[in-house]
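Close look at the chain arrangement
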Amino acid sequence: MKKANADRSAIMEALEHAGGNRPGVARAVGDQTGIPEADVHGVATFYTLLAKPDVQVRVCQGLSCQLEGAARLLEDARLSGARVEAVSCLGQCDRAPAALDEHLEPVLTAPRGGVLPADPSLPIDLGGPDTSAYSALARAMAMGPDAVIAAIRESGLQGRGGAGFPAHVKWSGVRAGEGPRHLVVNADEGEPGTFKDREVMLRRPHKLLEGIAIAAHTVGADTAWIYIRGEFQPCRRALERALVEAKLDLDVRFVDGHGAYICGEETALLEAMEGRRGMPRLKPPFPTVQGLFGRPTLIHNVETLACVPSIVERGGAWFAGLGRGEPGTKLYCISGHVQRPGVYELPLGVTLDELVEVAGGYVGTPKAFSPGGASSGFLPMAHRDVPLAFKPLAALGSMLGSAGVVVLDDTVDMADAARWGQVFFEDETCGQCAPCRIGCSLQRRAVEDYRAHRDPAHLANVEAVHHEMDEGSICGLGMTASMPLLSAMRHFPEDFA
Amino acid sequence: MTPKITIDGQIVPFEPGETVLDVASRLGHAIPSLCHEPRLKPTGACRMCLVEVQGQRRLQPSCAWKAEDGAVVTTRNDRIDTHRRTLLSMYVADHALDADGLPVDQGGTGNRLRTHVKDLGTGPALEPLTAVRRDRDDSNPYVHFDPASCVVCGACVRYCDEVEAVSAISLIDRGRRTTIGTADQQGLLDSSCELCGGCIAVCPTGAMTEKPALGVPRDPEPTRTTCNFCGVGCQVDIHVRDGRISRVTSPPPGTTVNDGNLCVKGRFAMEFVHHPERLTSPMIRVDGELVPTTWDVALQTAARGLLGVKQRHGADALGFVSSSRCTGEENYLMQKLARAAFGTNNCHQCAAT
Ligand SMILES: Cc1cc2nc3c(=O)[nH]c(=O)nc-3n(C[C@H](O)[C@H](O)[C@H](O)COP(=O)(O)O)c2cc1C
Ligand code: SF4
Ligand code: SF4
Ligand code: SF4
Ligand code: FES
């Protein structure tokens with residue numbers, strides 16, 4: 001049991017300060033914080049950036065980096081004698097293959113990917129100047145909370161973190177709860193193939209801060225917390241600089257992630273913020289009712305909040321009208337076998353061909369694409385004209401997710417692609433619930449055994465295991481963790497014969 | 001009006017705060033579970049107890065789902081059966097198995113996973129996975145942990161925190177490697193552990209087992225008695241095998257004063273019973289040597305000695321100390337002996353300070 005008044009959320013920073021999980025650190029941090037040393041060890045061994053101190057090079061093994069030779073880069077790094085770790089997607093898919101140095105700074109030669117040129121008619125407008133006028137905030141204050149929520153409702157804004165849940169429902173819910181309330185910004189972007197929040201933070205930090213200020217003011221949140229991926233140091237610096245310039249009348253705090261994809265899931269994120277292992281909570285209760293430290297909490301993805309200032313300024317109807325079939329524009333990430341990987345803000349509901357045209361065209365002959373991160377699996381080019389939006393992709397058994405679109409050309413063996421996805425999920429499952437913990441291992445073994453022997457018998461139970469992972473898992477990770485293998489088998493039977 | 005819930009077509013009243021599992025158990029509708037333990041906050045992690053709640057797209061953990069007025073719950077149908085059997089197949093693929101391919105039973109609390117597999121059957125036959133969980137070198141004499149038969153339900157960790165308030169153990173590592181460990185994987189003797197053995201009592205699979213009784217089957221008819229190590233009066237069940245005590249367990253939670261709990265002494269300190277040096281008759285010293293005698297002789301000898309001291313030096317030269325293993329009644333008699341029979345107030349009980 002923790003000592004009275006012990007501050008559990010302090011152990012992350014203390015662990016970081018002590019250099020991560022080294023012998024004796026759990027006891028020292030336990031003594032310092034009053035949190036039982038076993039708990040400290042449990043936390044230290046959960047987060048990869050804490051569990052393995054002294055790593056000098058972290059080499060990304062995400063899908064887009066694999067397409068650009070990540071395996072070879074890893075091998076070379078190992079041969080160089082450095083202490084090397086293979087890691088999950090680093091959110092640098094536009095300049096694959098990616099790696100980080102010991103200070104978690106990117107060691108990349110390729111420049112960041114493209115964005116559209118400045119265009120003031122776009123809600124986020126990544127290419128535009130990031131002004132710190134905060135005129136939308138002033139307008140929101142003048143309008144009052146009811147009118148702001150009405151505008152959000154009219155805009156049809158759906159959460160951009162992956163689930164597409166209507167934003168205004170959460171705003172109303174949190175506002176109706178009793179204070180103190182919190183706003184949490186989910187900047188833990190980790191879905192393979194996704195790097196849009198990174199670009200928002202680097203290019204439009206004021207836009208994001210303005211969205212944060214409007215949301216906090218509207219729902220009556222006293223504190224805004226930005227939970228930011230530990231591997232995104234440049235983004236944190238950009239936001240900190242902007243925050244100084246902005247002089248907001250709001251308590252804004254940063255919390256670093258420490259290497260765990262699952263902490264992008266909103267309740268795992270809250271657990272991490274509270275100094276625990278990042279294991280998702282049972283829902284209900286939802287965070288809008290019982291979130292951070294048990295208080296009503298509004299959690300939004302970076303992109304969702306970055307849409308807010310334009311909606312307030314130009315109205316909900318205007319935003320809704322920008323989309324095709326579904327409201328608004330969307331930041332599409334595109335990487336893999338295309339000419340100009342990058343983040344392009346396009347009407348929600350463009351097709352793959354339209355997106356790739358903006359990205360300069362295909363490289364080679366396209367064979368497959370992943371529309372929204374590892375959890376969305378793969379689709380064949382036969383679906384190149386499906387609108388890349390929430391409903392149409394769900395109807396195909398896939399999803400828009402985070403809109404991390406990756407294109408694979410016809411040199412790729414889909415069994416390889418499926419394996420990369422299953423390795424990712426086995427590495428990143430929190431391990432709390434059995435369907436996902438055991439299922440992820442079974443699916444990875446199935447595809448690896450198939451690749452080793454080319455015997456489809458190894459794939460006999462993939463469907464049944466997936467069914468149970470979907471049925472029995474606590475959170476979305478387990479429910480979709482079979483998608484890379486399952487979708488590849490479904491749509492590319494020739495690669496699994 | 002009392003709130004009512006429909007479970008498998010039966011309309012039943014419930015107390016606010018009860019879970020679906022509580023109500024269903026009361027009705028006699030068995031719901032399999034692993035991580036559920038009535039003394040602990042539910043985590044819903046093992047997923048064994050999922051049921052259908054009308055209006056919910058997903059199956060929900062009955063151990064955590066609160067009964068609501070008007071709710072309609074199904075605890076058994078084809079969907080739930082498929083879920084249970086496939087999940088059991090997956091557990092089996094990740095568990096230490098015996099020669100029959102069933103989850104091992106190490107004695108101790110038994111293995112509910114094994115029982116569920118026998119009762120409910122399994123789904124697809126899955127090749128066993130290779131074990132990757134960290135083990136711990138631990139020389140403590142009482143608590144054995146086998147990572148290969150742990151289902152990572154976390155009941156032991158929650159018990160150690162919520163009931164024992166010790167937090168000597170935690171879930172450690174992540175994903176497939178997740179297991180139970182201590183800070184830096186030191187032995188329990190080097191941790192805050194009090195060796196209460198509660199983690200053993202709540203473990204559904206026997207992954208935590210009494211080290212001295214590893215592999216020894218439970219006594220199907222243990223003897224209920226009162227622990228004699230202190231005056232609390234914990235009830236204990238003494239398991240006997242071949243005429244010797246094999247293990248001590250607590251009666252189920254909610255049935256006796258100790259509510260399923262025991263301390264290190266009650267649970268583990270029974271070696272004295274069969275110890276070769278145990279005194280089995282009173283002794284007196286004759287010419288400096290201890291020799292066995294009868295109670296009559298022993299009591300007379302003690303009385304003579306005590307009265308002698310009183311005669312020579314007065315009653316206050318005597319002092320009476322009773323043991324914390326005595327009951328309240330025995331302590332009362334002890335002070336009566338000191339005050340009424342010998343006439344001194346010099347009496348004390350070792351747990352009084
Ligand atoms: C396994 C998993 C990973 C997730 N990762 C992220 C993430 O990296 N960033 C994010 O914003 N949302 C992520 N989410 C979604 C969040 O749980 C949550 O829905 C979202 O942050 C809510 O914000 P929104 O309404 O603005 O989308 C993830 C969900 C799951 C199940
Ligand atoms: S589904 Fe997977 S990631 Fe989610 S809680 Fe369960 S084990 Fe953790
Ligand atoms: S024996 Fe008791 S104190 Fe020790 S780990 Fe088990 S529950 Fe905790
Ligand atoms: S040791 Fe037992 S109680 Fe603890 S997590 Fe494993 S199965 Fe559960
Ligand atoms: S008993 Fe309900 S999830 Fe384990």
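Being a predicted model, the structure only gives us computed values, none of them experimental.

A word on the overall build of chain B. What chain B contains, in helices and strands, is eight helices and 16 strands. The C-alpha atoms of chain B give a radius of gyration of 27 Å, which is well past the 20 Å a tight globule of 353 residues would have. Across its three principal axes, chain B shows a C-alpha extent of roughly 90 × 55 × 40 Å. Within chain B, the fraction of its 353 residues that count as buried is 48%. In the structure as shown, chain B presents an accessible area of about 17,600 Å², 53% of it carried by carbon and sulfur atoms.

Okay, the packing of aromatic side chains next. With the rule as written, the count across this model stands at nine aromatic pairs over all chains. Ring geometry for Phe-229 of chain B against Phe-272 of chain B: centres 6.0 Å apart, planes inclined by 85°, an arrangement best described as edge-to-face. With Phe-229 of chain B in the loop between strand S10 (223-226) and strand S11 (235-241) and Phe-272 of chain B in the loop between helix H6 (264-268) and strand S13 (283-286), this residue pair connects regions lying 43 residues apart in the sequence. Phe-229 of chain B gets classed as buried once you look at its relative accessible area, which sits at 13%. A relative accessible area of 34% means that Phe-272 of chain B is categorised as partly exposed. Judged by centre distance (5.4 Å) and plane angle (35°), the rings of Phe-320 of chain B and Phe-342 of chain B are tilted. Here Phe-320 of chain B, found in strand S15 (residues 320-322), pairs with Phe-342 of chain B, found in helix H8 (residues 328-342); they are 22 residues apart in sequence, far enough to count as distant. One aromatic cluster is present, formed by Tyr-261, Phe-424 and Phe-425 of chain A through successive ring pairs. The side chain of Arg-229 of chain A reaches across the aromatic face of Phe-232 of chain A, ending 5.6 Å from its centre. Over the aromatic face of Phe-46 of chain A sits the side chain of Arg-174 of chain B, whose NZ or CZ is 5.6 Å from the ring centroid.

Quick look at helix H6 (residues 70-79) of chain A now. Helical periodicity: at 3.6 residues per turn, an α-helix aligns residues three or four positions apart in one direction. Residues and elements named next belong to chain A. Within H6, the full set of buried residues consists of Ala-70, Leu-74 and Ala-77. For H6, the angular spread of the buried residues around the axis is 65°, confining them to a single face. Turned more than 90 degrees away from the buried face of H6 sit Arg-72 and Leu-79, all of them exposed. Summarising the contacts, the buried residues of H6 are in contact with strand S1 (57-60), helix H5 (63-67) and strand S2 (84-87).

This brings us to the interface of chain B and chain A. Between chain B and chain A, the contact holds 49 residues from the first and 52 residues from the second. In total, chain B and chain A occlude about 3,700 Å² of area from one another, counting both sides; carbon and sulfur atoms represent 54% of this. There are four salt bridges connecting chain B and chain A. For Arg-58 of chain B, the salt bridge goes to Asp-470 of chain A, with nearest N and O atoms at 3.8 Å. Scanning the region where chain B abuts chain A turns up 25 residue pairs in polar contact (both at pLDDT 80 or more). Counting only elements with at least two residues in the side of chain B that touches chain A, the list comes to helix H2 (78-93) and strand S7 (170-172) of chain B. The element that contributes the greatest number of residues to the side of chain B that touches chain A is H2 of chain B, accounting for seven residues.

Residues and elements named next belong to chain B. For chain B, the domain assignment lists domain 1 (4-120), domain 2 (218-278) and domain 3 (283-352). Relative placement of domain 1 and domain 2: their C-alpha centres are 30 Å apart. Residue-level contacts link seven residues of domain 1 with six residues of domain 2. Summed over both partners, the interface of domain 1 with domain 2 comes to about 450 Å²; 39% of that surface belongs to carbon and sulfur atoms. Where domain 1 touches domain 2, the interface holds one salt bridge. Here Arg-218 and Asp-105 are joined by a salt bridge, their closest N and O atoms 3.6 Å apart.

Pairing between side chains of opposite charge can happen when the charged atoms of each approach one another. Applying the stated rule across the entire model yields 48 salt bridges over all chains. Taking the shortest distance from any N to any O, the salt bridge between Lys-283 of chain A and Glu-266 of chain A comes out at 3.4 Å. Placement of the pair is Lys-283 of chain A in the loop between helix H13 (266-273) and strand S7 (297-301) and Glu-266 of chain A in helix H13, with a sequence separation of 17 residues. Lys-283 of chain A sits in the partly exposed class, given a relative accessible area of 28%. Ionic pairing is found between Glu-428 of chain A and Arg-174 of chain B, a salt bridge with its closest N-O pair at 3.1 Å. Within this pair, whereas Glu-428 of chain A is found in helix H18 (residues 414-428), its partner Arg-174 of chain B is found in the loop between S7 and strand S8 (179-181), the two belonging to separate chains. Where salt bridges share partners, they join Asp-94, Arg-112, Arg-198, Glu-199 and Arg-203 of chain A into one cluster.

Taken together, 14 residues form the shell around ligand 4, and within it Cys-150, Cys-153, Gly-154, Cys-156 and Cys-203 of chain B come nearest. Taken together, the residues that form the shell around ligand 4 break down as twelve nonpolar, two polar and no charged.

Residues and elements named next belong to chain A. Taking strand neighbours across the sheet as the criterion, the five strands line up as S9-S8-S12-S10-S11 in an open arrangement whose pairing is mixed. In the strand order of this sheet, the two ends are held by strand S9 (342-347) and strand S11 (379-380), each with one partner. Of the strand pairs in this sheet, strand S10 (residues 366-370) and strand S12 (residues 404-409) are connected by four bridges, and their pairing is antiparallel. Across the sheet, Ala-368 pairs through a bridge with Leu-408, a residue of S12. Helix H10 (residues 196-203) contacts strand S8 (329-336) and S9 of the sheet and is inclined by roughly 115° relative to S8.

It is worth spelling out the domain arrangement of chain A at this point. As far as domains go, chain A holds domain 1 (10-46), domain 2 (135-320), domain 3 (329-409) and domain 4 (414-496). Computed over C-alpha atoms, the centres of domain 1 of chain A and domain 3 of chain A are 42 Å apart.

Below, the discussion takes up the pairing of S11 of chain B. Residue and element names in this part refer to chain B. Here S10 runs beside S11; their pairing, made up of four bridges, is antiparallel. Residue pairing across strands places Thr-225 opposite Val-236, the latter belonging to S11. In this structure, S11 lies alongside strand S12 (residues 244-249), joined through five bridges in antiparallel fashion. Across the sheet, the residue bridging to His-239 is Arg-247, located in S12. A loop of two residues connects S11 with S12, the two strands running antiparallel in sequence, and Asp-242 in this loop sits at a positive phi of about 50°.

Before going further, it helps to spend a moment on the sheet that holds S1 of chain A. All names here are of chain A. Overall, mixed pairing links the three strands, which are arranged S2-S1-S3 in an open sheet. Looking along the sheet, the strands with just one partner apiece sit at the ends: S2 and strand S3 (99-100). Where S1 meets S3, two bridges bridge the pair, whose relative direction is antiparallel. Bridge assignment links Val-59 to a residue of S3, and that residue is Ala-99. Lying on the sheet, H6 is in contact with S1 and S2; it crosses S2 at an angle near 165°.

Residues Leu-279, Met-283 and Leu-290 of chain B make up a contiguous nonpolar surface patch of about 290 Å² in total accessible area. Structurally, Leu-290 of chain B can be placed in strand S14 (residues 289-292).

Turning to the packing of helix H8 (residues 145-155) of chain A against helix H14 (residues 302-314) of chain A, a few remarks are in order. Residues and elements named next belong to chain A. Here H8 crosses H14 at 105°, and the two axes come no closer than 10 Å. Classified by the angle between their axes, H8 and H14 sit roughly perpendicular to one another. Judged by residue contacts, Val-148, Ala-151, Ile-152 and Ser-155 of H8 engage Val-308, Ile-311 and Val-312 from H14. In terms of residue class, the contact of H8 with H14 is built from six nonpolar, one polar and no charged.

How each quantity is defined
- Residues numbered from 1 in each chain as written.
- Chains lettered and ligands numbered in written order.
- Predicted model: local features only at pLDDT ≥ 70, side-chain atom pairs only at ≥ 80, totals over all residues.
- Heavy atoms only, no water.
- Helix = DSSP H or I, 4+ residues; strand = E, 2+ residues; numbered from the N terminus.
- Rg over C-alpha atoms; globule rule 2.2 N^0.38 Å.
- Buried < 20%, exposed > 50% of the residue type's maximum accessible area, 1.4 Å probe, protein only.
- Areas by Shrake-Rupley, 256 points an atom, 1.4 Å probe, with all protein chains shown as cover.
- Phe/Tyr/Trp six-rings, centres within 6.5 Å; stacked < 30°, edge-to-face > 60°.
- Lys NZ or Arg CZ within 6 Å of the ring centre and 35° of its normal.
- Arc of directions from axis to C-beta.
- Contact = heavy atoms within 4.5 Å.
- Buried area = accessible area lost by both parts, 1.4 Å probe.
- Salt bridge = Lys/Arg side-chain N within 4 Å of Asp/Glu carboxyl O.
- Polar contact = N/O pair within 3.5 Å; in protein donor to acceptor, adjacent residues only side chain to side chain.
- Domains from an automatic or database assignment.
- Near = heavy atom within 4 Å.
- Nonpolar A, V, L, I, M, F, W, Y, C, P; charged D, E, K, R; others polar.
- Pairing = 2+ DSSP bridges.
- Axes fitted to C-alpha atoms, helices over the stretch in contact; angles between N-to-C directions.
- Patch = residues over 30% accessible without salt bridge, like charges linked within 9 Å, V, L, I, M, F, W, Y side chains within 5 Å.
- Parallel < 35°, antiparallel > 145°, perpendicular 65-115°, else oblique.

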